[in-house]
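Chain and residue survey
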Amino acid sequence: MILSRKVQPLPLDQNQRMLQRVAVVGAGAAGLCAARHILSRPTSFAPPVVFELSGNVGGTWCYEERIGTYPNGRPVFSSMYRDLRTNLPKEVMMFPDFPFDPELSSFLSHQEVQRYLERYCENFRIWPHIRFDTAVENVMPISMTTEDGESKVTWEVTSSDQTGHRKTETFDAVFICSGHYSDPHIPNIPGIQNFKGTVLHSHSYRFAEPFSGQTVVVLGAKASGLDISIELVKVGAKVTLSHRNPPLTVPLPPGIQQACCVVAVQDDGTIRLQDGSVCQADVLIFCTGYNFSYPFLDSAQLGLEIQNHVVSPLYRYMMPPAFPSLIFIGICKIICPFPNFNCQVQFALAVLDGKVAVPPQEQMEEAVQREQQRKLEAGVQRHHLLKLDRDQWEYCDSLAGSAGFPPLQPAVRSLYEEVWRQRQVHPENYREFNYRLVSATRWEQIG
Ligand code: FAD
């Protein structure tokens, strides 16, 4: 049910222009990017209110050695591990309008990315607009009638601060920038309770030393599965990398052997694989991804399906057709994240600002369906519908074309693709190279 209220007047700027009020949920890279662009449009938007449940900006990049929960019961959010280095070079990872420190090498530690995001925040004067230690608990659409008799949706955002004090405020639009790498997805493995060793998800993996000399089965061979396996063998662990894909052809370091899927843990605690073989292990690490989780949204009310790694329907991967003033930033996977967020935010603000018109609800729904159908017919599995991969470039270009901001430079795409290739060939040492952008279309390797 959508509540209906009488509309409240919009705030005015000093020239008596009406300004839209925008809430941003989360002060990770996506939320900071949203705040930065809202602040740069002072004739259309009041300064945003950025709600951040932790005490700092950075989200994923704010490393936390502790696992589990904080003393106040709040779950640890970041899935960052101590020795992580970025899997994209800074030349493509950066927000296009804010380069990393030129002194840094191309592949960065998480501390360097965290410092970058803090600098971004300072540079664009975002800090004063962030409410730290404040969790958004509920975001609810309210149907309004303006004085001209027009109907309009606004949003009631309820948040609670450190002391538990709750507050409800009204906004014209809400950016959902709460990330999707903090709610571990653990597949159902029959008999898992029989396993006698340690079981953890990569969300709670911090460093390799505790696993030195142990036999470890890592489930999942995507970025984290590969990275963690490589870290583990460096401390003398024996790793079985179990995954459902055809065997990886990449050269893996000695000490990592590949295996097919784990199908069950037997009564005696041994692990049964899909090919019928059985193995023993001291540790099972699930590198099996994360669930989308928006406990502050009522998905049925919003007409959204949020399950099985899919949030749908989202027009242009951002807006529920029934509520285009609710904007999800950064929901796509297999993308170049910061540049992608930068395009999404600018497009969404152009929509809110009235510079870009979105079609009526029904047409948005049809557009989402057509796009999903195209992917399904091309063989994409339903739970991968939010993976953009090669489509990401056309997607970003089309957002830029519609909203009239500069597209991503071709060099970003070609360097991203080159590094992707290098990762397949040298998973262990592709980060030893350094790059430089020479022009909008050219990059070079500099050692
Ligand atoms: P997050 O960084 O997750 O930020 C979300 C923020 O929202 C958090 O600060 C959180 O506290 C806040 N929040 C959540 N719920 C609420 C609430 N209810 N109320 C208030 N605040 C809330 N990307 C790259 O570009 N290069 C890499 O090398 C790379 N490596 C990665 C390695 C790992 C292990 C992981 C997990 C991700 C990696 N990524 C990488 C992807 C990375 O997640 C994105 O780059 C980006 O940081 C995501 O930003 P975000 O703002 O969408 O989400």
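Residues numbered from 1 in each chain as written. Predicted model: local features only at pLDDT ≥ 70, side-chain atom pairs only at ≥ 80, totals over all residues.

Let us look at helix α9 (residues 410-425). The terminal C-alpha atoms of α9 lie 23 Å apart, and with 16 residues this matches the ideal 22 Å at 1.5 Å per residue to within 8%. Of all the residues in α9, the buried ones are A411, V412, R413, L415, Y416 and V419. (Helix = DSSP H or I, 4+ residues; strand = E, 2+ residues; numbered from the N terminus. Expected span 1.5 Å × (residues − 1). Buried ≥ 20, exposed ≤ 12 C-beta atoms within 10 Å, placed from the backbone.)

Close to the ligand lie 33 residues; G26, G28, G59, T86 and G179 are nearest. Mapped onto the shell around the ligand, the elements with two or more residues apiece are α1 (29-39), β5 (135-145) and α6 (337-352). In terms of residues, the shell around the ligand owes the most to one element, α1, which gives 3 residues. Grouping the constituent residues of the shell around the ligand by class yields 19 nonpolar, 13 polar and 1 charged. (Near = placed C-beta within 6 Å. Nonpolar A, V, L, I, M, F, W, Y, C, P; charged D, E, K, R; others polar.)

Put simply, S312 and P313 share a cis peptide bond, and its omega is 0 degrees. Positionally, P313 belongs in the loop between β18 (310-312) and β19 (326-328). Here the phi dihedral of R125 falls at roughly 55 degrees; this positive angle occurs in a residue that is not glycine. Examined against the element boundaries, R125 turns out to sit in the loop between α3 (110-123) and β4 (130-131). Of note, the phi angle at H309 is positive, near 65 degrees, even though the residue is not glycine. Assessed through the 19 C-beta atoms surrounding it within 10 Å, H309 is described here as partly exposed.

What follows deals with the environment of N72. If you trace the backbone, N72 turns up in the loop between β3 (49-51) and α2 (90-93). Overall, the presence of 8 C-beta atoms within 10 Å leaves N72 in the exposed class. For the pair N72 and Q162, spaced 90 residues apart in the sequence, the C-alpha separation amounts to 9.1 Å.

What follows covers the pairing of β5. As paired strands, β5 and strand β6 (residues 151-160) are joined by 10 bridges and run antiparallel to one another. Of the residues in β6, the one forming a bridge with N138 is T158. Between β5 and β6, which pair antiparallel one after the other, the connecting turn spans 5 residues, and G149 there sits at a positive phi close to 85 degrees. (Pairing = 2+ DSSP bridges.)

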